[in-house]
Amino acid sequence: MREDRILGIIPSDWRFELTKFSYVRAFLKSRWIPFVFILLNASFLTLILYSSFRGGFSAGNYNFGVSMTWVLWWSVLMILMVPFFSRLWCSICPFPLFGEWLQRGRLITVRESPFLGLNKPWPKGLRNMWLMNGVFLSVTFLAGLFTVRPFETFLILGLMFIAATISMLVWQRRTFCLYICPVSGFQGLYSNLAIIEIRRKDPEICKNHKTKTCFSGNRDGYGCPWMITPYDIRDNTNCGLCLECFKTCPFDNMAIYLRPPGVDLLNKDMGMDEAWKAFIMLGTFFTFYESFQSPHGFLKDWFRGEPLSGYFILILVHLFLSLILLPLLHLTASYLSKVISGDRDKNLRRIFANTSIMLVPVGSAAWAAFSLGIIMPNGSYVIQVISDPFGLGWNLLGTSDIPWRPCLSGLIHPLQSLIVTIGFIFSIDTGYRISQKTFSGDSAAKGFIPLAIYNSLITMIILILITI
Amino acid sequence: MIKEIIATFLVILLTAGIIIIGIMYEHPSNKAEVIDLIARAPENANWHPSRIMLKKGRMVRIRIRNIETVTHGFAIPSLGIASGDIRAGEVKVIEFTPDKEGEFDFL
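Scoring rules and cut-offs
All residue numbers refer to position in the chain's written sequence, counted from 1. Chain letters start at A and ligand numbers start at 1, both assigned in the order the entries are written. A pLDDT threshold of at least 70 governs which residues receive local features in this predicted model, and a stricter bar of 80 or more applies before side-chain atom pairs are shown or counted, although totals over entire chains, interfaces and linings include all residues. Side-chain metrics in this entry use all non-hydrogen atoms of the structure; hydrogen atoms and water are not considered. Secondary structure elements are defined from DSSP: runs of H or I of at least 4 residues count as helices, runs of E of at least 2 residues count as strands, and each element is numbered from the N terminus. Here the radius of gyration uses the C-alpha set of atoms, whereas the globule reference equals 2.2 Å times the residue count to the power 0.38. Per-residue accessibility, obtained with a 1.4 Å probe over protein chains only, is compared with the maximum for each type, and a residue is labelled buried under 20%, exposed over 50%, and partly exposed between these values. The charge count treats Lys and Arg as positive and Asp and Glu as negative. His and the chain ends do not count. A charge is said to be at NZ when it belongs to Lys, at CZ for Arg, at CG for Asp and at CD for Glu. Two strands qualify as a pair provided DSSP detects at least 2 bridges between them. Axes, fitted as lines to C-alpha atoms, cover a helix only where it is in contact. Angles between the N-to-C directions of the axes lie from 0 to 180 degrees. Here, residues are in contact when the closest pair of their heavy atoms is within 4.5 Å. Buried area: the sum, over both parts, of the accessible surface (1.4 Å probe) that disappears when the two are put together. For this analysis, a salt bridge means a side-chain nitrogen from Lys or Arg found within 4 Å of a carboxyl oxygen belonging to Asp or Glu. Side-chain atoms alone can form a polar contact between residues adjacent in sequence; in general such a contact is a pair of N or O atoms within 3.5 Å, and within protein one must be able to donate a hydrogen while the other accepts it.

J.: For the overall build of chain A, give the residues involved together with the corresponding values.
T.: Counting secondary structure elements, chain A contains 21 helices and 7 strands. Taken over the C-alpha trace, chain A has a radius of gyration of 23 Å; the compact-globule value for 468 residues is 23 Å, and the two agree within 12%. With the C-alpha coordinates of chain A rotated into their principal frame, the extents come out at 70 × 60 × 40 Å. Here chain A holds 468 residues, and the buried ones make up 57% of them. If the 41 positive side-chain charges of chain A are averaged to one point and the 28 negative ones to another, these points end up 5 Å apart.

J.: Give me the sheet that holds strand β6 (residues 91-96) of chain B: which residues, what numbers.
T.: All names here are of chain B. A sheet is described by the order of its strands in space; here 3 strands give the open sequence β1-β3-β6, paired in mixed fashion. Two strands bound the open sheet, and with one partner strand each, they are β1 (33-39) and β6. Put simply, the sheet's adjacent strands are angled 20° from each other on average, direction ignored. Where β1 and strand β3 (residues 60-66) come together, 7 bridges link them in parallel fashion. The residue bridging Ile38 from the neighbouring strand is Arg65, located in β3.

J.: Residue-level account of the interface of chain A and chain B, with values.
T.: Counting from both sides, the interface comprises 33 residues of chain A and, opposite them, 29 residues of chain B. Counting each side, the surface lost to burial between chain A and chain B is near 2,800 Å², with a carbon and sulfur contribution of 68%. Where chain A packs against chain B, one counts 1 salt bridge. A salt bridge links Arg63 of chain B to Asp388 of chain A, with the nearest nitrogen and oxygen atoms 2.8 Å apart. At the boundary of chain A and chain B, one finds 8 residue pairs in polar contact (both at pLDDT 80 or more).

J.: Outline the pairing of strand β4 (residues 72-76) of chain B, listing residues and values.
T.: Residues in a regular strand point their side chains to alternate faces of the sheet. Residues and elements named next belong to chain B. In terms of burial, β4 is largely enclosed, as 4 of its 5 residues are buried. Judged from the 4 bridges that link them, β4 and strand β5 (residues 81-86) form a sheet pairing that is antiparallel. Looking at β5, one finds that His72 is bridged to Ile86. Where β4 hands over to β5, the hairpin turn is made up of 4 residues, of which Gly80 adopts a positive phi near 70°.

Set out below in structure tokens:
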């Protein structure tokens, strides 16, 4: 049988265990990890909330909170963390720190029973991405404001912190992260592209381990806060890389592996909520790119409510694109795929959901490109504001007065195009293999044609937007 | 338990501590008043903010950022303050202690 290879090059079952080095495993098993990183981030978050509350410069990027959040954090998240390192951000995210502290009554040690809170299970009907999709879309409506105004940044981050803390007092474990957080859904979906994964090593050990302490917890750690079953993780979507399973496994049977990019995409059964997440992310990219990085400056004004009628038009177009047009295009491609393949017994709904995963590599690449268009022109603001985090006129590192200077601006569009092209190649590779899994025999190649055309069309539009 | 105490101390130090430091440094007796001015072309609404209020005898630090593509200048004629040229993208800081107070015209 022919070996399955990503892009025809890397065997999809290739793995390199990073935790085979004893010092790496010892590091990850320490209860100080990832706490110390969460603590540092909590410190940064406090500084961001404080400086954005104070306002600082009225031109947003000169404010520590605005620059660190929307220039630095967002870019690092979308260019590096999500595409390569899965939910690395979730593992060090400071928002649940206080909620989890109240839940557990402990910061790093282990308490066997919950300390505070109602510990309620999340309603079954909401155990999906739909609510997160709605919350994410709602947040995007305000992006024209909070990405440039310090106080709005304070409000949105402050609300996130309050929502995380309150929901952790009502619902069990990391319900907020799993079902509510607006930045969790796309991280989950795009993390399937990542080059790292946490998986069990030997399935037999897990099979014979009746108490399943990775899920239930023990004296060394808490049961999986993300409420998945670490002994049989199949994809990265809901693994928050919190490392509790490393601590609770008495057999050291959990491992972090390096792997080829995108292998989860081939094994994942997409739900409709995840399919719509993919559409929403792509639709939001189009709206954001046109509004914030295209030559059409009036759209940026519209996004800030100037005029209000323009704002509503923009939001309606954004919703139409994300919730209706892109899904309709995908449905058409899926239907044609079913017809042309000749495999008429296949369920259209299943084809639609499963092949929507093709939008993950190109979508993630589009967002990385967009974020490159933020960090390269605006990165110098970050260098300025770190010298004066409180906006008090300090010049701690001597960088406070350096002029704004875009970085290698001539390379931005070529690099963006390159990233999107790489994403497209992965999308086509993924799509073909999904097609092979969906349709039988020769019909796979035929069934793939409409999907390839549809994906190429989406990519061409992205490239045209970037290059004009 | 000692680990938990250290962790709690660190959380309080690195969150509440930051807020306390900020508030302490914001206390008027601890710092010069800082005014951030954005220099823009007249068609882009000119200066922001458009008014400057100063207190007699209190040191002020005005940071002027020219976010336009042409050279600007800054002056408060009634106090004899002038910045010289501020080139496109540049930041200039002027510090002085006014000998009168109120709202001052600047250009």
